[in-house]
Amino acid sequence: TSGLTSFNLDLNDMVEEAFERAGSELRTGYDLRTARRSLNLLFADWANRGVNMWTFEQNTITLVQGQNTYALPDDTVDLLDHVIRTNANVPSNQADLTITRISVSTYATIPNKLIQGRPIQVWVQRLTGNSNLLTGTVQATTSATATSIPITTLAGVPTAGFITIGSELIVYNETSPADGATPAYLLNCFRGQDGTTAAAHATSAPITLVQKNSVTVWPTPNASPSYQFVYWRMRRIQDAGGGTKTMDVPFRFVPCLAAGLAYYIALKVPEGLQRLDVLKAQYDEAWDRAAGEDQEKASVRFVPRQQFIGSGT
């Protein structure tokens with residue numbers, strides 16, 4: 001035998017295989033370009049088909065007293081599981097405790113969202129990651145430690161969210177409209193979010209609103225003990241690269257990837273139209289096999305809870 005277990009297909013080989021299955025050939029640079037675009041669309045579709053186990057990652061967020069909303073990495077698809085770690089700064093005493101995921105409807109009905117304590121619930125916000133420049137700019141020079149940022153106008157500004165000024169990401173929880181000589185403000189600001197550095201900002205500095213993926217915990221963390229939000233996330237599959245790059249896909253999904261790309265290409269080239277039904281069937285079969293293998297193998301045990309109802313006497 002070869003003694004090797006390194007088989008994979010780089011982008012060029014993958015595209016050639018797909019074109020051949022579609023009854024055509026890779027002839028031009030545009031053919032490669034359109035195939036790469038199809039690959040990225042295919043990866044986006046896979047994010048909607050369930051859990052891709054090779055994209056699991058564990059991360060932690062150190063919680064801060066009084067701050068209830070925290071940014072997630074931009075390439076996060078969804079969270080799979082999460083716990084609250086107490087005494088994170090004392091490993092011998094730390095404990096991972098359950099935190100329950102809730103919907104926006106449930107979070108909206110919480111009467112006091114700023115009450116402090118150990119977080120027991122989390123609301124996950126899955127936003128677009130897009131950003132847009134606001135009409136308002138920084139009204140006056142602001143220090144790196146300021147928790148209120150004066151802004152020339154609140155037009156287009158939601159009452160809470162993430163902004164960037166320069167290279168700094170900031171989360172704010174309230175707004176205050178202008179009142180006579182007092183400017184409008186972004187209030188309860190937490191500076192230097194998501195690995196950025198808090199910095200002073202000059203008058204007229206532009207402000208960008210960012211639709212960040214984020215988590216909001218409740219109750220809002222108190223001062224002690226120290227808390228960490230520990231989570232396991234599914235990240236995006238990396239984009240298709242250059243001609244000699246392999247895809248961010250494990251070897252067991254390579255047949256499925258080739259079948260899916262062949263089907264996508266057949267939708268574009270005249271030679272592939274007569275093969276669409278066969279290629280679609282091959283793709284669906286390859287996906288079912290790969291996705292069926294790509295799942296947890298641990299056994300699950302269900303234990304009924306015993307309840308006793310009194311006689312009412």
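That block above? That's the structure.
What you are looking at is a predicted structure, and each value in this text was computed from that prediction instead of being measured.

### Regarding the pairing of strand S11 (residues 168-172)
Among the 5 residues in S11, 5 count as buried, and that is most of the element. Of the two faces of S11, the one carrying Glu-168, Ile-170 and Tyr-172 and the one carrying Leu-169 and Val-171 are both buried. In this structure, strand S10 (residues 161-165) lies alongside S11, joined through 5 bridges in antiparallel fashion. Among the inter-strand pairings, Ile-163 is bridged to a residue of S11, identified as Ile-170.

### Some words on the nonpolar core
Within the largest apolar cluster, 36 residues are counted, with the highest numbers of intra-cluster contacts made by Trp-46 and Leu-257. Among the elements that take part in this core, helix H4 (residues 254-266) stands out by supplying 11 residues, more than any other. Residues within four places of Leu-257 in sequence aside, it is in contact with Met-14, Leu-39, Leu-42, Phe-43, Trp-46, Met-247 and Val-249. Counting residues in hydrophobic clusters, the runner-up holds 15 residues, among them Val-138, Val-157, Tyr-172 and Ala-184.

### Some thoughts on the environment of Pro-73
Inspection of the secondary structure puts Pro-73 in the loop between strand S2 (69-71) and strand S3 (76-86). A sequence separation of 152 residues divides Pro-73 from Pro-225, and the C-alpha atoms of the two residues are 25 Å apart. When sequence neighbours within four positions are dropped, the list of residues in contact with Pro-73 reads Asn-59, Asn-213, Tyr-231 and Arg-233.

### What to know about the sheet that holds S2
The pairing of strands in a sheet happens through backbone hydrogen bonds and is either parallel or antiparallel. Taken in spatial order, the 4 strands line up as S2-S15-S7-S5 in an open sheet, and their pairing is mixed. Of all the strands in the sheet, the pair left with one neighbour each is S2 and strand S5 (100-102). Neighbour-to-neighbour, the strand axes of the sheet open up by a mean angle of 30 degrees, direction not taken into account. Of the pairings in the sheet, the one linking strand S7 (residues 121-125) to strand S15 (residues 214-218) comprises 5 bridges and is antiparallel in character.

### What about a nonpolar patch on the surface?
The grouping of Val-51, Leu-80 and Trp-232 at the surface amounts to a nonpolar patch, some 230 Å² of accessible area in total. Among the secondary structure elements, Trp-232 is positioned in strand S17 (residues 227-235). For Trp-232, a relative accessible area of 31% puts it in the partly exposed group.

Definitions and cut-offs
Residues numbered from 1 in each chain as written. Predicted model: local features only at pLDDT ≥ 70, side-chain atom pairs only at ≥ 80, totals over all residues. Heavy atoms only, no water. Buried < 20%, exposed > 50% of the residue type's maximum accessible area, 1.4 Å probe, protein only. Helix = DSSP H or I, 4+ residues; strand = E, 2+ residues; numbered from the N terminus. Pairing = 2+ DSSP bridges. Core = buried A, V, L, I, M, F, W, Y, C linked by side-chain atoms within 4.5 Å. Contact = heavy atoms within 4.5 Å. Axes fitted to C-alpha atoms, helices over the stretch in contact; angles between N-to-C directions. Patch = residues over 30% accessible without salt bridge, like charges linked within 9 Å, V, L, I, M, F, W, Y side chains within 5 Å. Areas by Shrake-Rupley, 256 points an atom, 1.4 Å probe, with all protein chains shown as cover. Salt bridge = Lys/Arg side-chain N within 4 Å of Asp/Glu carboxyl O.

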